[in-house]
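Listed here are the chains, written in short residue letters.
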Amino acid sequence: MDNYLPARYTIPAAVTGDTFAGIPELSIKVNGVAPTNSLSSVKMQFKTEATATSANLELSSASGDITINDAANWNITVDPFNISLPANKYVYDIEFTDSAGDVRTYIAGTWTVAQDVTRA
């Protein structure tokens, strides 16, 4: 495997209690092509600190929060969800596991969740 650092992406800020629109049609390419082995699973965690032992929120293909649209071409969708996280700035990354069991973190970044004012 090549040495690399994950691509950095800041998810647009959102408000707690709102619906996050998800991330549609995300494709992983390395030097312009999908990795050789097919995609097996995907996991995304949000934490207030990268070194925190537990995630504030975890999304995964295993739990149905992330859809693998095309395993051979490494195309996924992070499905929409209700933002139940408290207001804070979060760090996140997305781990991809291929059919050989190799785990790679191709994307990482931050996400700011603001406090809502209007409540039910």
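Up top is the structure these notes are about.
Residues numbered from 1 in each chain as written. Predicted model: local features only at pLDDT ≥ 70, side-chain atom pairs only at ≥ 80, totals over all residues. Heavy atoms only, no water.

Description of the sheet that holds strand E4 (residues 23–27)
Worth spelling out the cut-off: Here the rule is simple: two strands pair whenever DSSP picks up at least two bridges between them. Numbered from the N terminus, helices here are DSSP runs of H or I no shorter than four residues, and strands are runs of E no shorter than two. With axes taken as lines fitted to C-alpha atoms, and helix axes fitted only over the stretch in contact, angles between N-to-C directions fall between 0 and 180 degrees.
Read across the sheet, three strands follow the order E4-E8-E7 without closing on themselves; strand pairing throughout is antiparallel. Looking at the sheet topology across the chains shown, the edges are occupied by E4 and strand E7 (66–70). Mean inter-strand twist for the sheet, computed between neighbouring axes without regard to direction, equals 25 degrees. Sheet topology note: the E4/strand E8 (residues 75–78) ladder contains three bridges and is antiparallel. Bridged to isoleucine 23 within E8 is valine 78.

Concerning the environment of isoleucine 28
Threshold: It only takes one pair of heavy atoms within 4.5 Å for two residues to be counted as in contact.
Topologically, isoleucine 28 is positioned in the loop between E4 and strand E5 (39–47). Sequence separation between isoleucine 28 and phenylalanine 96 is 68 residues, and the spatial gap between their C-alpha atoms is 9.5 Å. Apart from residues no more than four positions distant in its own chain, isoleucine 28 is found in contact with Val33, Ala34, Pro35, Asn73, Trp74, Phe96, Tyr106 and Ile107.

Quick notes on the environment of threonine 36
Tracing the backbone through its elements, the reader meets threonine 36 in the loop between E4 and E5. For the pair threonine 36 and alanine 72, spaced 36 residues apart in sequence, the C-alpha to C-alpha distance is 8.2 Å.

Points about the layout of surface pockets
Our working definition: Grid points spaced at 1 Å over the protein atoms alone were grouped into cavities, where a 1.4 Å probe fits but cannot get out, and pockets, open sets with protein on both sides within 12 Å along at least five of seven lines, with lining residues defined by an atom within 4 Å of a point. Grid points are joined across faces, edges and corners, and a volume is the space filled by probe spheres set on the points. All residues other than Ala, Val, Leu, Ile, Met, Phe, Trp, Tyr, Cys, Pro, Asp, Glu, Lys and Arg, Gly among them, are scored as polar; the first ten of these are nonpolar and the last four charged.
The space that makes up the second largest pocket amounts to roughly 230 Å³. Lining the second largest pocket we find Arg8, Lys43, Gln45, Lys47, Ala50, Val91, Tyr92, Asp93, Glu95, Ala108 and Gly109. Those elements that provide at least two residues to the lining of the second largest pocket are E5, strand E10 (88–98) and strand E11 (103–114). Considering every element that reaches the lining of the second largest pocket, the biggest residue donor is E10, with four residues. Of the residues belonging to the lining of the second largest pocket, the class tally is four nonpolar, two polar and five charged.

Don't take any of this as a statement about function, it's just geometry.
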